[in-house]
Structure formats: C-alpha cells, structure tokens
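As a plain string of letters, each chain reads:
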Amino acid sequence: MTTVHAASPFDEWLAGDPEVARLLGEEADRQSTTLQLIASENFTSPAVLAASGSILTNKYAEGYPGRRYYGGNQVIDEVEDLARARCTALFGADHANVQPHAGANANLAVYQALLQPGDTILAMRLDHGGHLTHGSPASITSKVWRFVSYGVSAATDDPDKPGEVIDFDNLADLARRERPALIVAGSTAYARIIDPLPFRQIADEVGALFLFDAAHPAGLIAGGAHPSPVGIADVVTFTTHKTLRGPRGGAIVCNEAHAKAIDSAVFPGLQGGPLEHVIAAKAVAFAEASRPEFAQYASAVVANAGALAASLAEEGFRLVSGGTENHQVLLDLRTFDEELTGKVAQEVLDRAGITCNRNTIPDDPRSPFITSGLRLGSAAQTTAGMGTDEFRLIGSLIGRTLRGRDDEATIAAVRAEVRELCAGFPPYAALSRS
Ligand code: DSN
C-alpha cells in the first residue's frame, strides 16, 4: 500500500488519530488510483461528503418532523423536511420517507407496512439477479413472508433475441397460480431496463400490490434515462448511493394512501433514531440529481456501459442478456475461458487495479461464492469524467489481465496502465496525491 503523502488532508482533519488518518489516506489512494467498476458504487460530491460528515450526527431525532420524541429538533426538522420535499419533487411522488438506513431496510419496511406475516410475495430469483431481501433463504424476509420467484427467459443463440430478460409470461402464470399479495420488480444484477407497466398489469389482474425496488436504476430514473415507476408502482424503494450518487442509505416514495403505514413501518417499526447527517446529505444529492447536468450524467452512464460491453464482447466474453441498457454489464466468463471462475477473475483484476465483483449468472452451475460471472458498472468512473473511449480501453485491459492471469508481468503492466489512466480522472482532486 502506498505511504500516505504528508499533505493528505486526513492528517489535518484527524490529527488526533493517526491510525484512522492513515487508513482514510490509503483508501483515498485506492479509490483514486484504481478503477471503481462495482455497479453499486459511485463517487459522491464533496457537498454530499460535507453534509454526511457534519455535526448533524450528534442529534437524536426519533420520530418525524413536528413529531419528535426528543427536544432540540427545530433545525433537524427543517433538514428532514427539505430532504423529503426535494425527494418528492425529484421523483414526482406524493410522499417520501428518507429515513431508511439502507435499501434492505426500505424493502423490509414496505413488506411490514403492506403485508401480514405469511403473505406471499412474488419477486426475482436471486440467481437471476434478485436481491437478498427478495426472499433469500438467508434473509429474515423469507422467514416472515412466503416468497415465490420469477426469473429470466433462457439464453438463445439468436443475436436479435438473446433471451435472459424478465419472462413476463412465466411471471403472469405464477401470479395467477400463487395469488401473491405483493409483486416486486427490481434486481441487483440485470443489465436491462425494467419496464414497470407489465408488472402493474399483472398485479392488477391478480389483485396484488406492486413494489418497484429501484436500488440500482434510481439515478437513471432521476436523470430521465430510464422510465419512472413512480405513480405506476404502489411503492418505490431505492438506495441513494448507487447511480443516484448520494450518501450510503435508502429511501421510499409512495402515494398518500400508503404514506402513514410506510412511515410507521420505518419508525418505530424497524429503526430507531434517524441518521440526520445522512438525511442532509440525501437532500444535497436530490438537489444535485435534479439539475440538467445530472441528466447528461445518467445518459453518459448508459453510453459508457454500452462501450464497455461492446469492448468486452470483442474480447470474447459472453454478455448476459446480450448487452446492456443501464449502468451494468454482466459477463459470462465461460466463453472466454471455461476454467475461469468469477472468484479468480475478481481477485486477479483486483491485483491489476480493476475493482469489480463476481456474480452469479442465470442458472449458474457454480456456487454464489465462486460463480461463473462478473458484474461491472459504469456509474463511478463516469462521475470521475471517463467517456466511451476510456470504457472501451477498460474492456481491453480486463481481457488482457484475464488472459495473462498467470503472468505477474502482465498484471503489473496493466496495473501501471490503470494507474496512469486514473491519474487523468481524479475523483477528488483535493484528496489525490502525486
Ligand atoms: N450490495 C448491493 C449490490 O451490490 O447490488 C445490493 O445490496
């Protein structure tokens, strides 16, 4: 690990704690000298960092604006009201709850608000791209509610209809048979636009409520690059730190009919004191996402993922679902090298300075710990200013690294190229060191 430069701002900010200052300096170094391709990560603005590192962390504020269980919340009420107002304006929603600490909490709150224990929920299969809170056996969700899973269609050899897209015929059949109380749209590893309308139609046909989990595409929706589920789904949950580029956290928007139940489910149902410093940072992010530059950002994120996907296809990787329409690229490694697992690919790429995560692909024969896939994302490096040329180059660097994975010289050469590439696109100029 690189030694922290004497001018690292953390040395000054954390003068009394050199150990933590050193760690923050090393992480700043990692973030600015390696490629951040984890699809759920981004670089927040300095304003978001400032708000989330603010004195608002000192305040207890259980409850909601105007209805707190502690004194001294006059300013905090304004902060949370501002965040709620900016969130509803950004997404065109009736009501926002900005307190969920994470996307998982947001989903749990919705289940708690809308359902009874034991009710049936129809959600995406985990190995086809669903999230842990969509009914993983390891998640509390599957212990409280009964999950039935839909998935994607089979892969085909037809380049015009590659398959591996949400199978709405299967989804409708399952809905008619199982009569779920809730249908969930949304995923963590799916490179296509998720159209909320077919979900709404199926939910209406079977009398189910409809939750759209927009954790991944929230920023693309806010920036107008993807269709909005707000006003179509009964409730929309999302995280604020992925494509939306805000602080780590969750949020929920819904219509007035569900507002009271959602709020009660978040607090006191699930959480205690809200993180008001994070809520202030969410307010900053909502304002940033409402600006015209953010729409340009959202469309650049999609274009850059497309460039990365095209370059990786040229390198011999199979693109799950045949391509991408969002910030993600999901690779099947087996066409590149039958022996190469997601775990090994992730580890080798890490050593070359290319940060991404292994991922299951539909019907993956390998375990979720090993996997046959890799998930890549364009949101963070697009924020740092990279464009389609750089993303094409990244695709070729990935191919080169994985072809030469047993050759230390190849890995070292790619690491040097990555370092040089990143030097031209520092995410935080003030934190970059020479
Ligand atoms: N960990 C998130 C992701 O990477 O997509 C989901 O919770």
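As the structure is a prediction and not an experimental result, all values here were calculated from the model. (Residues numbered from 1 in each chain as written. Predicted model: local features only at pLDDT ≥ 70, side-chain atom pairs only at ≥ 80, totals over all residues. Heavy atoms only, no water.)

## Here we look at the overall build of the protein
And then number 1: The helix and strand tally for the protein stands at 16 helices and 15 strands.
And then number 2: By its C-alpha atoms, the protein is 60 × 60 × 40 Å across when sized along the principal axes.
And then number 3: Going through the 434 residues of the protein one by one, you find that 58% of them count as buried.
And then number 4: Of the contacts made within the protein by residues no fewer than 6 positions apart, 70% connect residues no fewer than 24 positions apart.
And then number 5: Total accessible area on the protein is roughly 17700 Å²; 53% of this is exposed by carbon and sulfur atoms. (Helix = DSSP H or I, 4+ residues; strand = E, 2+ residues; numbered from the N terminus. Buried < 20%, exposed > 50% of the residue type's maximum accessible area, 1.4 Å probe, protein only. Contact = heavy atoms within 4.5 Å. Areas by Shrake-Rupley, 256 points an atom, 1.4 Å probe, with all protein chains shown as cover.)

## Topic: a nonpolar patch on the surface
And then number 1: On the surface, a nonpolar cluster with roughly 390 Å² of combined accessible area is contributed by Tyr60, Tyr69 and Tyr70.
And then number 2: Inspection of the secondary structure assignment puts Tyr70 in the loop between β3 (67-68) and α4 (74-91).
And then number 3: A relative accessible area of 38% places Tyr70 in the partly exposed class. (Patch = residues over 30% accessible without salt bridge, like charges linked within 9 Å, V, L, I, M, F, W, Y side chains within 5 Å. Salt bridge = Lys/Arg side-chain N within 4 Å of Asp/Glu carboxyl O.)

## Points about the sheet that holds strand β7 (residues 182-185)
And then number 1: Spatial ordering of the open sheet is given by β4-β10-β9-β8-β7-β5-β6, a layout of seven strands whose pairing is mixed. Strand pairing shows two members of the sheet lacking a second neighbour, β4 (95-97) and β6 (146-150), which therefore form its edges. Adjacent strand axes in the sheet meet at a mean angle of 20°, parallel and antiparallel pairs treated alike.
And then number 2: Bridge count for strand β5 (residues 120-124) against β6 is five bridges, and the pairing is parallel. Bridge pairing links Thr120 to Arg146 in β6. (Pairing = 2+ DSSP bridges. Axes fitted to C-alpha atoms, helices over the stretch in contact; angles between N-to-C directions.)

## Observations concerning the site of the ligand
And then number 1: Around the ligand, the structure places Ser40, His131, Thr188, His216, Lys242 and Arg375.
And then number 2: Between His216 and the ligand, the recorded distance is 2.7 Å, taken from a side-chain N or O atom to an oxygen atom.
And then number 3: Broken down by class, the residue content of the shell around the ligand amounts to no nonpolar, four polar and two charged. (Near = heavy atom within 4 Å. Polar contact = N/O pair within 3.5 Å; in protein donor to acceptor, adjacent residues only side chain to side chain. Nonpolar A, V, L, I, M, F, W, Y, C, P; charged D, E, K, R; others polar.)

## Some thoughts on the pattern of salt bridges
And then number 1: Under the defined criterion, the tally for this structure stands at 24 salt bridges.
And then number 2: In this structure, the salt-bridge partner of Arg125 is Asp363, at a minimum N-O distance of 3.3 Å. Of this pair, Arg125 sits in the loop between β5 and α6 (140-144) while Asp363 sits in the loop between β14 (357-359) and β15 (373-377), and the two are 238 residues apart along the sequence.
And then number 3: Residue class for Asp363 comes out exposed when judged on its relative accessible area of 51%.
And then number 4: Residue Glu347 is joined to Lys343 by a salt bridge in which the shortest nitrogen-to-oxygen separation is 3.0 Å. A residue pair is termed a helical-turn pair when its members lie 3 or 4 positions apart in one helix, as Glu347 and Lys343 do in helix α13 (residues 342-351) at four residues.

## Notes on helix α5 (residues 103-114)
And then number 1: The end-to-end C-alpha distance of α5 is 17 Å, a good match for the 16 Å that 12 residues give at a rise of 1.5 Å each.
And then number 2: Residues Gly103, Ala106, Asn107, Leu108, Ala109, Val110, Tyr111 and Leu114 constitute the buried set of α5. (Expected span 1.5 Å × (residues − 1).)

## Here we look at the environment of Ser45
And then number 1: Note on placement: Ser45 falls in the loop between β1 (35-36) and α3 (46-52).
And then number 2: A relative accessible area of 15% places Ser45 in the buried class.
And then number 3: Among the polar contacts listed, one links the side chain of Ser45 to the side chain of Glu288, at a separation of 2.6 Å.

## Details of the packing of aromatic side chains
And then number 1: Under the counting rule described, the total for this entry stands at 15 aromatic pairs.
And then number 2: Seen in terms of ring centroids, Phe91 and Phe238 are 4.8 Å apart; in terms of plane orientation they differ by 45°. Their pairing is tilted. Of this pair, Phe91 sits in helix α4 while Phe238 sits in strand β9 (residues 235-239), and the two are 147 residues apart along the sequence. Note on accessibility: Phe91 and Phe238 belong to one class, buried.
And then number 3: Considering the side-chain rings of Phe294 and Tyr297, the 5.2 Å spacing of their centres and the 50° angle between planes classify their relative orientation as tilted. Of the two residues, Phe294 and Tyr297 are both situated in helix α12 (residues 292-314); the distance of three residues between them amounts to about one turn of the helix. (Phe/Tyr/Trp six-rings, centres within 6.5 Å; stacked < 30°, edge-to-face > 60°.)

## A short note on the nonpolar core
And then number 1: Counting 58 residues, the largest nonpolar core has Phe91, Ile183, Phe199, Phe238 and Leu244 as its most contacted members.
And then number 2: Filtering out sequence-adjacent residues up to four positions away, Phe238 remains in contact with Cys87, Phe91, Ala214, Ala215, Ala218, Leu244, Gly249, Gly250, Ala251, Val253 and Phe286.
And then number 3: The next biggest cluster of nonpolar side chains, apart from the first, holds 38 residues, and it includes Ala307, Ala345, Leu349 and Phe391. (Core = buried A, V, L, I, M, F, W, Y, C linked by side-chain atoms within 4.5 Å.)

## Examining the confidence of the model for the protein
And then number 1: Per-residue confidence for the protein gives a mean pLDDT of 96, with 97% of residues at or over 70.
And then number 2: In this model residues 1-6 is a low-confidence stretch, pLDDT under 50, and it forms 12 contacts with partners more than four residues away in sequence or in other chains. (pLDDT = per-residue confidence, 0-100.)

## A closer look at the packing of α13 against helix α15 (residues 388-403)
And then number 1: At their nearest, the axes of α13 and α15 sit 10 Å apart, and the two run at 110° to each other. As summarised for this structure, α13 and α15 are arranged roughly perpendicular, according to the angle between their axes. Of the residues in α15, those in contact with Ala345, Val348 and Leu349 of α13 are Ile398, Thr401 and Leu402.
And then number 2: Of the residues contributing to the contact of α13 with α15, the split by class is five nonpolar, one polar and no charged. (Parallel < 35°, antiparallel > 145°, perpendicular 65-115°, else oblique.)

## Some details on the packing of helix α7 (residues 168-178) against helix α8 (residues 196-206)
And then number 1: α8 packs onto α7 with a crossing angle of 20° between their chain directions and a minimal axis gap of 9 Å. Between α7 and α8, the angle falls in the class roughly parallel. Considering only the axes of α7 and α8, their crossing is right-handed. For the pair α7 and α8, the contacting residues are Phe168, Leu171, Ala172, Ala175 and Arg176 in the first and Pro198, Phe199, Ile202, Glu205 and Val206 in the second.
And then number 2: Class assignment of the residues belonging to the contact of α7 with α8 gives a composition of eight nonpolar, no polar and two charged. (Left-handed = near helix turned anticlockwise from the far one by under 90°.)

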